[in-house]
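Structural overview
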Amino acid sequence: MSIHTDLDVSEKGGVESARTTTFMASYLDALTLVERLHRLLLDVIKDEFERVGVLEINAVQALLLFNVGDNEVTAGELKTRGYYQGSNVSYNLKKLVEMGYMHHERSEIDRRSVRVRLTEKGRGVRAVVSKLFATHADGLVDRGVLDQEGIEDITTSLRRVERYWTEQIRYIY
C-alpha cells in the first residue's frame with residue numbers, strides 16, 4: 001500500500017483551506033511513515049534471523065510467535081487482539097504447527113475452533129525477537145533518539161488514531 005500524496009481538499013477558502021491542506025499533507029506523511037516503519041520492522045526481524053541462522057520461518061511468522069507469547073489463542077483472537085493483520089493467518093498458523101513452533105488443539109466446546117500455543121521451539125524464536133527488541137529499546141535511549149516521554153507521546157497519539165479509525169469502522173458500516 002502506498003499513500004497517494006496529491007491533495008484534493010475542497011475549496012473552503014482562506015485560512016481554513018490552508019490549515020486543512022497542511023494537516024492533510026502531514027497526515028499522509030504520517031500514514032506513509034507508519035507503513036514504511038512496519039515494513040522496516042519486518043526487514044530488521046528477517047535480518048536478525050538470517051544472522052542467527054534461523055531460515056525456515058519468515059519475519060511475519062516470527063512476529064506472530066512473539067505476539068502470541070504465553071497465551072493460548074484462536075486465529076480469530078489473533079486478529080481481534082491486533083496481534084496479526086492479514087488474510088493468511090490460518091496458513092501461517094498451519095505452517096508454524098507443521099514446523100513444530102506451535103501446538104494446536106481443537107476446542108472441547110466448539111470443535112470448529114482450534115487453539116494454538118507456542119512449543120519450546122516457538123518460545124526460542126520469541127526469545128530471539130524479545131532480545132532484539134530489548135537491544136533496540138536500549139539503543140534508542142542510549143543514542144538519545146527517544147526517551148520515556150517521547151515514546152509515551154508517540155504511543156498516546158497512535159492510540160488516539162487507532163480509536164478514531166475503529167470508530168469509523170463501527171459507525172460507517
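The structure reproduced in this document is the subject of the present report. Note that the structure is predicted; figures quoted are calculated from it, not measured. (Residues numbered from 1 in each chain as written. Predicted model: local features only at pLDDT ≥ 70, side-chain atom pairs only at ≥ 80, totals over all residues. Heavy atoms only, no water.)

1. Thoughts on the side chain of Gln 61
The cut-off we apply is this: To qualify as a helix, a DSSP run of H or I must reach at least 4 residues; to qualify as a strand, a run of E must reach at least 2; elements of each kind are numbered from the N terminus. The criterion used for residue contact is that any of the two residues' heavy atoms lie within 4.5 Å.
Note on placement: Gln 61 falls in helix 2 (residues 59–68). The contacts of Gln 61, once residues within four sequence positions are left out, are Glu 56, Asn 92, Lys 95, Leu 96 and Met 99.

2. Looking at the packing of aromatic side chains
Pairs of aromatic rings are described using the distance from one ring centre to the other and the angle between the two planes. To keep it simple, the criterion reads: For Phe, Tyr and Trp, rings pair up if their centres lie within 6.5 Å, where Trp contributes its six-membered ring, and each pair is then called stacked (planes under 30 degrees apart), edge-to-face (over 60) or tilted (otherwise). Only protein chains enter the accessibility calculation, which uses a 1.4 Å probe. A residue is then buried if its area is under 20% of the maximum for its type, exposed if over 50%, and partly exposed in between. A ring is considered to have a charge above it if a Lys NZ or an Arg CZ atom is located within 6 Å of its centre and within 35 degrees of its normal.
For the coordinates displayed, the defined rule picks out 2 aromatic pairs. Pairing Phe 23 with Tyr 27 gives two aromatic rings, centres 6.3 Å apart and planes at 10°, and the pair type is stacked. Taken together, the residues span about one helical turn, with Phe 23 and Tyr 27 both in helix 1 (residues 14–52) at a distance of 4 residues. Among the residues examined, Phe 23 registers a relative accessible area of 58% and is labelled exposed. What makes Tyr 27 partly exposed here is its relative accessible area of 28%. Here the basic side chain of Arg 126 rests over the ring of Phe 66, its NZ or CZ set 4.8 Å away from the ring centre.

3. Some points on the nonpolar core
Inclusion rule: Throughout this description, the term nonpolar core refers to a set of buried Ala, Val, Leu, Ile, Met, Phe, Trp, Tyr and Cys residues connected via side-chain atoms within 4.5 Å.
Ranked by size, the top nonpolar core spans 23 residues in total, and within it Ile 57, Leu 65 and Met 102 carry the most contacts. If you list the elements that add at least two residues to this core, you get helix 1, helix 2, helix 4 (89–98), strand 2 (114–118) and helix 5 (120–142). No other element matches the 7 residues that helix 2 contributes to this core. Once residues within four sequence positions are removed from consideration, Ile 57 is found in contact with Phe 49, Ala 62, Leu 65, Leu 96, Met 99, Tyr 101 and Val 125.

4. Notes on the packing of helix 2 against helix 4
What counts here: In this analysis, axes come from line fits to C-alpha atoms, helices being fitted only over the stretch in contact, and the angle between any two N-to-C directions falls in the range 0 to 180 degrees. Between 65 and 115 degrees an angle is taken as roughly perpendicular, under 35 as roughly parallel, over 145 as roughly antiparallel, and anywhere else as oblique. Under the scheme applied, nonpolar residues are Ala, Val, Leu, Ile, Met, Phe, Trp, Tyr, Cys and Pro; charged residues are Asp, Glu, Lys and Arg; polar residues are all the others, including Gly.
As a packed pair, helix 2 and helix 4 sit with axes 11 Å apart at the nearest point and diverge in direction by 80°. Taken as axis vectors, helix 2 and helix 4 run roughly perpendicular relative to one another. The segment helix 2 lies against helix 4, with Val 60, Gln 61, Leu 64 and Leu 65 engaging Asn 92, Leu 93, Lys 95 and Leu 96. A breakdown of the residues in the contact of helix 2 with helix 4 according to their chemical character gives 5 nonpolar, 2 polar and 1 charged.

5. What to know about a negative patch on the surface
Rules: Nonpolar side chains (Val, Leu, Ile, Met, Phe, Trp, Tyr) are joined into patches within 5 Å and like charges within 9 Å, using only residues with over 30% relative accessible area and no salt bridge. Computed by Shrake-Rupley with a 1.4 Å probe, the accessible areas treat only the displayed protein chains as cover when residues are assessed. When a carboxyl oxygen of Asp or Glu is within 4 Å of a side-chain nitrogen of Lys or Arg, the pair counts as a salt bridge. We count Lys and Arg on the positive side and Asp and Glu on the negative side, and we leave His and both chain ends out. Charge coordinates come from a single atom per side chain, which is NZ of Lys, CZ of Arg, CG of Asp or CD of Glu.
A cluster of acidic residues, Asp 147, Glu 149, Glu 152 and Asp 153, forms a negative patch at the surface. Relative to the helices and strands, Glu 152 resides in helix 6 (residues 148–172).

6. Focus on helix 5
Put simply, the rule is: In this scheme, a helix's expected span is set at 1.5 Å multiplied by one less than its residue total. In protein, a polar contact means a hydrogen-donor-capable atom and an acceptor-capable atom, both N or O and within 3.5 Å, with residues adjacent in sequence counting only if both atoms are side-chain atoms; elsewhere, any N or O pair within 3.5 Å suffices.
For helix 5, which comprises 23 residues, the first-to-last C-alpha distance of 33 Å matches the rise-based estimate of 33 Å (1.5 Å per residue) to within 8%. Of all the residues in helix 5, the buried ones are Gly 122, Val 125, Val 129 and Leu 132. Its side-chain oxygen 3.3 Å from the backbone nitrogen of Lys 121, Thr 119 forms the N-cap of helix 5. Positive backbone phi, at 75°, marks Gly 144, one or two positions downstream of helix 5.

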